[in-house]
Amino acid sequence: MPFFAARSAQTTLLCPKCQEKLEIARTCHEVFMRCKKCGQTYPLQDYIGQADEAMERFLENVYCDRI
Ligand SMILES: [Zn+2]
C-alpha cells in the first residue's frame with residue numbers, strides 16, 4: 001500500500017466539549033480534527049495555529065501526496 005500515509009494521528013490538543021485529546025484525520029479531500037470520545041469534528045483551520053508536532057508531521061505527509 002504505497003499510496004496512503006497514516007490517515008489519522010493523535011494530537012495533544014483538547015476537545016472543547018469533553019477535554020479528550022483530538023485526532024487529526026483526513027479523507028481523500030480534506031483534513032480535519034476529530035474527537036474519538038464524543039465524535040465531534042472540527043475544521044483544521046481552527047487548530048492550525050496551535051499545531052503540535054504530531055499535527056505537523058501528519059500534514060507533511062498529506063502534502064507529499066498532492067500532485
Ligand atoms: Zn470530545
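None of these values were measured; they are calculated from a predicted model. (Residues numbered from 1 in each chain as written. Predicted model: local features only at pLDDT ≥ 70, side-chain atom pairs only at ≥ 80, totals over all residues. Heavy atoms only, no water.)

**Looking at the pairing of strand β3 (residues 31–35)**
Taken across its five residues, β3 has four buried, putting it largely inside the fold. Of the strand pairs in this sheet, strand β2 (residues 21–26) and β3 are connected by five bridges, and their pairing is antiparallel. Bridged to Glu23 within β3 is Arg34. The sheet contact formed by β3 and strand β4 (residues 41–43) spans three bridges and is antiparallel. Bridged to Met33 within β4 is Tyr42. Following β3, the chain reverses through five residues before pairing antiparallel with β4; Gly39 in that reversal takes a positive phi of roughly 80°. (Buried < 20%, exposed > 50% of the residue type's maximum accessible area, 1.4 Å probe, protein only. Helix = DSSP H or I, 4+ residues; strand = E, 2+ residues; numbered from the N terminus. Pairing = 2+ DSSP bridges.)

**Some remarks on the confidence of the model for the protein**
The share of residues in the protein with pLDDT of 70 or more is 85%, and the mean pLDDT across the chain is 88. Mean pLDDT values over the elements of the protein span from 83, in helix α1 (residues 53–65), up to 97, in β4. (pLDDT = per-residue confidence, 0-100.)

**Concerning the nonpolar core**
Among the nonpolar cores identified, the biggest contains 15 residues, and Leu22, Ile24, Val31, Met33, Leu44, Tyr47 and Met55 are the most heavily contacted of them. Put simply, the parts of the chain that give this core at least two residues each are β1 (8–14), β2, β3 and α1. Element by element, the count of residues in this core is highest for α1, at four residues. Other than its neighbours up to four places away in sequence, Met33 contacts Thr11, Leu13, Leu22, Glu23, Ile24, Gln40, Thr41, Tyr42, Pro43, Leu44, Tyr47 and Met55. (Core = buried A, V, L, I, M, F, W, Y, C linked by side-chain atoms within 4.5 Å. Contact = heavy atoms within 4.5 Å.)

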